Amino acid sequence: MNARSDFVFAAPPPAGLFGKLARYRQRYGTVHALARFAATKVPGIWPVIGPAVTRGYRERWKRKEGVKLLNLGGGGNIIEGALTADLDPRADTYMNLARTLPFADASIDLIFTEEFIEHISKADAAIMLRECHRVLKPGGALRIATPDLDWLGASVSAGIIPCDLVNSTFYEHGHRYIYSRAEMLSALALAGFSDARHSTYKDPASELGFLDSHADRFNHDPLLSQYVEARRSE
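Quick summary incoming for the structure in this document.

Rules used throughout
Residues numbered from 1 in each chain as written. Predicted model: local features only at pLDDT ≥ 70, side-chain atom pairs only at ≥ 80, totals over all residues. Heavy atoms only, no water. Core = buried A, V, L, I, M, F, W, Y, C linked by side-chain atoms within 4.5 Å. Buried < 20%, exposed > 50% of the residue type's maximum accessible area, 1.4 Å probe, protein only. Helix = DSSP H or I, 4+ residues; strand = E, 2+ residues; numbered from the N terminus. Contact = heavy atoms within 4.5 Å. 1 Å grid on protein atoms, 1.4 Å probe; cavity = no way out; pocket = protein on both sides within 12 Å on 5 of 7 lines; lining within 4 Å. Points joined across faces, edges and corners; volume = space filled by probe spheres on them. Polar contact = N/O pair within 3.5 Å; in protein donor to acceptor, adjacent residues only side chain to side chain. Patch = residues over 30% accessible without salt bridge, like charges linked within 9 Å, V, L, I, M, F, W, Y side chains within 5 Å. Areas by Shrake-Rupley, 256 points an atom, 1.4 Å probe, with all protein chains shown as cover. Salt bridge = Lys/Arg side-chain N within 4 Å of Asp/Glu carboxyl O. Pairing = 2+ DSSP bridges. Right-handed = clockwise from strand over helix to strand, strands pointing away.

Remarks on the nonpolar core
Then comes step 1: Counting 35 residues, the largest nonpolar core has Phe103, Ile111, Leu129, Leu142, Met184 and Leu188 as its most contacted members.
Then comes step 2: Counting residues per element, this core draws most heavily on helix α5 (residues 122-135), at five residues.
Then comes step 3: Apart from the residues lying within four places of it in its own chain, the contact partners of Ile111 are Leu69, Leu70, Leu72, Cys132, Val135, Leu136, Ala141, Leu142, Arg143 and Leu208.
Then comes step 4: Counting residues in each nonpolar core, the second largest holds eleven residues, with Leu69, Ala82, Phe210 and Leu211 among its members.

Below, the structure is given as structure tokens:
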């Protein structure tokens, strides 16, 4: 399985309303494209119409041949060939990631989730991780990027970063739970993963490390985050 050659980030949409609608109509179909646009203007309607409007695209994706990669919580950071799932209307499909995922057992090859798990409660994250374990095929890989509590604590104590950055990480951006490295590994073990390990930003030895992009997109030190990988072993 060579994910690096199969998946690339989608190009930015064309400028202008009509160019954007044409791009999304080609990708999703007319109804999905128009509903997606409307939801960016009136966010309250998306939880009502999003599940039904985006189901068709998701089902078509599930029937496609080839490697199945889920991009969970990716928002508008779309990966060509993958399925980006989120509550955000810019994603490929509406999905509450703290509920049962709409995929069969052992049906997904790879899962990537970057800077998302900290946006949900620890209890909801436990549900998501168990669901990731359930839907992954034996040997399938999961890669998580999330703020690193150990690095934040050590860096503020050493005077490397300001206290304001620590408080921003905890209380801004909609964050709910920041993990230490040990706690992240423990959460994965409780979800059924037996071989979780820490990686690095854009780790060349990682099957999914080439997808890391948050530090570049938001201009922050990659060390602010921890990068963890695990495989389903059974």
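Let us keep going from here.
Notes on the layout of surface pockets
Then comes step 1: Within this model, the largest pocket holds a volume of roughly 820 Å³.
Then comes step 2: Considering the residues around the largest pocket, the lining is formed by 35 residues, among which Gly74, Gly75, Gly76, Asn77 and Arg90 are closest to the centre.
Then comes step 3: Where the lining of the largest pocket is concerned, the elements lending two or more residues are α2 (17-28), β6 (108-114) and α9 (214-218).
Then comes step 4: Looking at which element gives the most residues to the lining of the largest pocket, the answer is α2, with five residues.
Then comes step 5: Of the pockets and cavities examined, the second largest pocket occupies roughly 270 Å³.
Then comes step 6: Around the second largest pocket, the lining is made up of 14 residues, and of these His173, His175, His214, His220 and Leu224 lie nearest the centre.
Then comes step 7: For the lining of the second largest pocket, the secondary structure elements donating two or more residues are α7 (163-171) and α9.
Then comes step 8: Counting residues per element, the lining of the second largest pocket draws most heavily on α7, which supplies three residues.

Some words on the side chain of Asp212
Then comes step 1: With respect to the helices, strands and loops of the structure, Asp212 is situated in the loop between β8 (197-199) and α9.
Then comes step 2: With relative accessibility at 1%, the residue Asp212 sits in the buried group.
Then comes step 3: In this structure the side chain of Asp212 is engaged in a polar contact, spanning 2.6 Å, whose partner is the side chain of Arg143.
Then comes step 4: Those residues in contact with Asp212 that lie beyond four places of it in its chain are Phe112, Glu114, Arg143, Thr200, Tyr201, Lys202, Asp203 and Tyr227.

Concerning a nonpolar patch on the surface
Then comes step 1: Taken together, the side chains of Leu17, Phe18 and Phe37 define a hydrophobic patch exposed on the protein surface, amounting to about 330 Å² of accessible area.
Then comes step 2: The class of Phe37 is partly exposed, set by a relative accessible area of 33%.

Some words on the pairing of β6
Then comes step 1: Burial analysis of β6 places seven of its seven residues in the buried class, which makes it a mostly covered element.
Then comes step 2: Pairing between strand β2 (residues 69-72) and β6: three bridges, direction parallel. What sits directly across from Leu70, in β6, is Ile111.
Then comes step 3: Of the pairings in the sheet, the one linking β6 to strand β7 (residues 136-147) comprises six bridges and is parallel in character. Bridge assignment links Ile111 to a residue of β7, and that residue is Leu142.
Then comes step 4: For the crossover that starts at β6, traverses α5 and ends in the parallel β7, the hand is right-handed.

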